[in-house]
Amino acid sequence: MHIVPDLAFKEIADRQLKLDLYLPTQARPPTPTVVWIAGGGWVQMGKGGCERLAAWLTGYGFAVAGIEYRVSGEARFPAQIQDCKAAVRWLRAHAEEYHVDPDRIGAYGNSAGAHLAALAALDHPPAIAARLARAAAQVEADYLHCARVVLLRLGMILGDGAALAKMLPPFKLGFGGP
């Protein structure tokens, strides 16, 4: 695994939001990518904490992007989802540079991060998408950890669903439906 730390993906008045990009060393590019969105009850957050997940997923040929977002004490909702979508847009805009497949980007989160992962997957109406930058901000799959139902559309989007199911721990999986 190769780590590219502290890549600034969004400028905010007094700071930059950054991501750490974990790249597989044995995969053929372009690689599918999972955006890691940390939980923290909306009051704390860190782009770290995904090292074990990244080590596991890069072993299967996935890249992982651990991202920062503004917490509730810094900015009111929907700033958090806007930050997550900015990270996805940045990944797509820099896909060639980092050998990321711009059409195979998923989101994984736990707790508050799972909520944001769900919003990233579900919240992209055409009227809003038209106003965004040229690069699309929606994710192609999401995996919600510490959520009541785990949604996983990785089978169709990121690769072979049967192979993916074998490598995942035994969670409830839902492919393309409620």
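Residues numbered from 1 in each chain as written. Predicted model: local features only at pLDDT ≥ 70, side-chain atom pairs only at ≥ 80, totals over all residues. Heavy atoms only, no water.

A.B. asks: Outline helix α4 (residues 112-122), listing residues and values.
C.D. replies: In an α-helix, one turn spans 3.6 residues; hence positions three or four apart end up facing the same way. Counting buried positions along α4 gives 8 out of 11 residues, so the element sits mostly inside the fold. Those residues of α4 not exposed but buried are A112, G113, A114, L116, A117, A118, A120 and A121. (Buried < 20%, exposed > 50% of the residue type's maximum accessible area, 1.4 Å probe, protein only. Helix = DSSP H or I, 4+ residues; strand = E, 2+ residues; numbered from the N terminus.)

A.B. asks: So what's going on with the environment of A65? Which residues, and what values?
C.D. replies: With respect to the helices, strands and loops of the structure, A65 is situated in strand β4 (residues 63-67). For A65, a relative accessible area of 0% translates into the label buried. Counting along the chain gives 43 residues from A65 to Y108, while the straight-line C-alpha distance between them is 9.9 Å.

A.B. asks: Describe the nonpolar core, listing the residues and the values that go with them.
C.D. replies: Counting 30 residues, the largest nonpolar core has F9, L19, L21, I37, I67 and Y98 as its most contacted members. Where this core is concerned, the elements lending two or more residues are β1 (2-12), β2 (15-23), β3 (31-37), β4, α2 (79-93), α3 (95-98), β5 (100-110) and α4. Not counting chain neighbours up to four residues away, the residues in contact with Y98 comprise V4, L7, L21, L23 and W90. Judged by nonpolar contacts, the second largest core, of 11 residues, contains A38, L57, F62 and V64. (Core = buried A, V, L, I, M, F, W, Y, C linked by side-chain atoms within 4.5 Å. Contact = heavy atoms within 4.5 Å.)

A.B. asks: How would you explain the packing of α2 against α4 if you had to name every residue and give the values?
C.D. replies: For any two helices packed against each other, the geometry is given by the interaxial angle and the distance between the axes. Between α2 and α4, the least distance of the axes is 10 Å, while the angle of their chain directions is 65°. By the angle between their axes, α2 is roughly perpendicular relative to α4. When you trace α2 past α4, the crossing you get is right-handed. Seen from α2, the contacting residues are Q80, I81, C84 and K85; seen from α4, they are L116, L119 and A120. Residues belonging to the contact of α2 with α4 are distributed by class as follows: 5 nonpolar, 1 polar and 1 charged. (Axes fitted to C-alpha atoms, helices over the stretch in contact; angles between N-to-C directions. Parallel < 35°, antiparallel > 145°, perpendicular 65-115°, else oblique. Left-handed = near helix turned anticlockwise from the far one by under 90°. Nonpolar A, V, L, I, M, F, W, Y, C, P; charged D, E, K, R; others polar.)

A.B. asks: Please provide a residue-by-residue account of the environment of A120, values included.
C.D. replies: Mapped onto the elements, A120 comes out in helix α4. When its relative accessible area of 3% is taken as the criterion, A120 is described as buried. As a C-alpha pair, A120 and I81 span 39 residues in sequence and 6.8 Å in three-dimensional space.

A.B. asks: Could you give an account of the pattern of salt bridges, with specific residues and numbers?
C.D. replies: In the structure shown here, the tally under the stated rule is 4 salt bridges. In this structure, K10 engages D83 in a salt bridge whose closest nitrogen and oxygen atoms are separated by 2.7 Å. Within this pair, whereas K10 is found in strand β1, its partner D83 is found in helix α2, the two being separated by 73 residues in sequence. What makes D83 buried here is its relative accessible area of 0%. Notably, a salt bridge pairs D101 with R104, separated by 2.8 Å at the nearest N-O pair. On the accessibility criterion, D101 (12% relative accessible area) is buried. (Salt bridge = Lys/Arg side-chain N within 4 Å of Asp/Glu carboxyl O.)

A.B. asks: Kindly report on the pairing of β3, identifying the contributing residues and their values.
C.D. replies: The side chains of a regular strand alternate, first on one face of the sheet and then on the other. Within β3, 7 of the 7 residues are buried, which leaves the element mostly enclosed by the surrounding structure. Along β3, one buried face is formed by T31, T33, V35 and I37 and the opposite face, lined by P32, V34 and W36, is buried too. Of the strand pairs in this sheet, β3 and β5 are connected by 6 bridges, and their pairing is parallel. Within the sheet, the bridge partner assigned to T33 lies in β5 and is I105. Viewed along the sheet, the connection from β3 through helix α1 (residues 51-58) into β4 turns out right-handed. (Pairing = 2+ DSSP bridges. Right-handed = clockwise from strand over helix to strand, strands pointing away.)

From the geometry alone we can't say anything about function, so treat these as descriptive.
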